[in-house]
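As a plain string of letters, each chain reads:
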Amino acid sequence: MKKIAANYSRLLRDISTSFRMASEKHQVTCRSGCFECCAKGFFDITLLDALHIRDNLKKVPAHIRERVVETANAQLDLLEQKGAFFRSKPLLASLAAIDALSRRSAKMRCPALDERGACLIYEIRPLICRIYGPTVRGPRRAVRLTGCGYYQRELPDRDFPLFSHYAVRDRLMKEMFTRAGRQRLWEVDTIIPAALALDLEPWLTPAALRQKSFRKR
Ligand code: SF4
């Protein structure tokens with residue numbers, strides 16, 4: 001798992017570099033001071049992203065780590081009260097589950113977002129946080145990633161090869177689940193509060209699917 005985690009860290013850095021270079025070339029920038037995509041409810045991240053965040057959280061200064069984990073736990077409490085997400089079932093295995101959670105958390109902000117709109121876990125943020133914003137298009141203007149709508153310009157995938165990046169990520173995810181003994185269901189998602197507050201590693205194994213509860217950190 002350590003080797004997969006190291007390879008994923010490297011991939012995330014490469015993707016950030018590739019995105020920055022393409023953005024500079026096409027003069028693509030966020031609206032100044034905008035953090036709307038971090039403040040409109042929870043979106044799905046892969047289990048690989050979640051484990052990467054958890055593994056690297058120890059690199060975040062203790063006072064920040066405590067703050068984001070505390071906020072994440074409070075949000076998980078709220079989601080459980082609303083019946084929208086449960087610590088005992090922290091994986092989202094269908095688009096319907098992701099859509100439902102996204103709708104029910106629409107007024108919640110990411111637990112890693114501070115009052116000034118800065119990301120408190122910037123160096124270890126998940127993949128989607130590194131690339132979300134502009135629409136990415138492939139040949140014949142096929143949409144590779146739908147943008148947030150605020151960008152005037154788009155990125156062509158000849159300069160930001162999103163699907164190639166996804167292919168490397170998917171190989172790592174498959175390897176991760178295969179090593180854990182899973183034959184199927186190698187792509188499952190969760191949300192950032194769960195990645196920050198819960199130990200999700202047991203969910204890699206088939207036996208862990210029968211596990212009923214998680215401890216808080
Ligand atoms: S992890 Fe950081 S970049 Fe991603 S949604 Fe949270 S605050 Fe925003």
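The rules we used
- Residues numbered from 1 in each chain as written.
- Predicted model: local features only at pLDDT ≥ 70, side-chain atom pairs only at ≥ 80, totals over all residues.
- Helix = DSSP H or I, 4+ residues; strand = E, 2+ residues; numbered from the N terminus.
- Rg over C-alpha atoms; globule rule 2.2 N^0.38 Å.
- Core = buried A, V, L, I, M, F, W, Y, C linked by C-beta atoms within 7 Å.
- Buried ≥ 20, exposed ≤ 12 C-beta atoms within 10 Å, placed from the backbone.
- Contact = placed C-beta atoms within 7 Å.
- Near = placed C-beta within 6 Å.
- Nonpolar A, V, L, I, M, F, W, Y, C, P; charged D, E, K, R; others polar.
- Pairing = 2+ DSSP bridges.
- Axes fitted to C-alpha atoms, helices over the stretch in contact; angles between N-to-C directions.
- Parallel < 35°, antiparallel > 145°, perpendicular 65-115°, else oblique.
- Left-handed = near helix turned anticlockwise from the far one by under 90°.

Participant: Quick question: what am I supposed to make of the overall build of the protein chain here?
Facilitator: When helices and strands are counted, the protein chain shows seven helices and five strands. Seen in sequence order, the protein chain has helices and strands lined up from the N terminus as α-β-α-α-α-α-β-β-β-α-β-α. Relative to its length of 217 residues, the protein chain is compact, with a C-alpha radius of gyration of 17 Å against a globular reference of 17 Å.

Participant: When you look at the nonpolar core in this model, what are you seeing that I'm missing?
Facilitator: In summary, soluble globular proteins display a tendency toward joint burial of nonpolar side chains. If you look at the biggest cluster of nonpolar residues, it comprises 43 residues, and the most contacted ones within it are A50, I192, A194, A195 and L200. Put simply, the parts of the chain that give this core at least two residues each are helix 1 (2-25), helix 2 (47-56), helix 3 (62-82), helix 6 (162-179) and helix 7 (192-197). The residues contacting A50, other than those within four sequence positions of it, are I45, T190, A194, A195 and L200.

Participant: I tried to follow the site of the ligand on my own but got confused; where do I start?
Facilitator: Looking at the ligand, the residues that line it are C38, C110, A112, L113, C119, I121, R125, C129 and I192. A per-class count over the shell around the ligand returns eight nonpolar, no polar and one charged.

Participant: So what exactly am I meant to see when it comes to the sheet that holds strand 4 (residues 155-156) here?
Facilitator: Pairing between sheet strands relies on hydrogen bonds along the backbone, with the strands arranged either parallel or antiparallel. Strand order across the open sheet formed by three strands is 3-2-4, with mixed pairing between neighbours. The open sheet has two free edges, formed respectively by strand 3 (143-145) and strand 4, since each of these has just one partner strand. In the sheet, strand 2 (residues 136-137) pairs with strand 3 via two bridges, with the strands oriented antiparallel. By the bridge assignment, V136 is partnered in strand 3 with L145.

Participant: What is the right way to read unusual backbone geometry from this model?
Facilitator: Excluding glycine, most residues fall at negative phi; most peptide bonds, likewise, are trans. Its identity is not glycine, yet Q27 carries a phi of approximately 50°, on the positive side. Positionally, Q27 belongs in the loop between helix 1 and strand 1 (45-46). One non-glycine residue, R141, adopts positive backbone phi at about 60°. Assignment of secondary structure puts R141 in the loop between strand 2 and strand 3. The exposure class of R141 is exposed, given the 9 C-beta atoms found within 10 Å.

Participant: Quick question: what am I supposed to make of the packing of helix 1 against helix 6 here?
Facilitator: Think of two packed helices as two axes; the pair is described by the angle between the axes and how far apart they sit. Their axes nearest at 11 Å, the elements helix 1 and helix 6 cross at an angle of 165°. It follows that helix 1 is roughly antiparallel to helix 6 by the angle criterion. Crossing of helix 1 over helix 6 shows left-handed handedness. Of the residues in helix 6, those touching helix 1 at I4, N7, Y8, L11 and I15 are H165, V168, R169, L172, E175 and M176. Grouping the amino acids of the contact of helix 1 with helix 6 by side-chain chemistry returns seven nonpolar, two polar and two charged.

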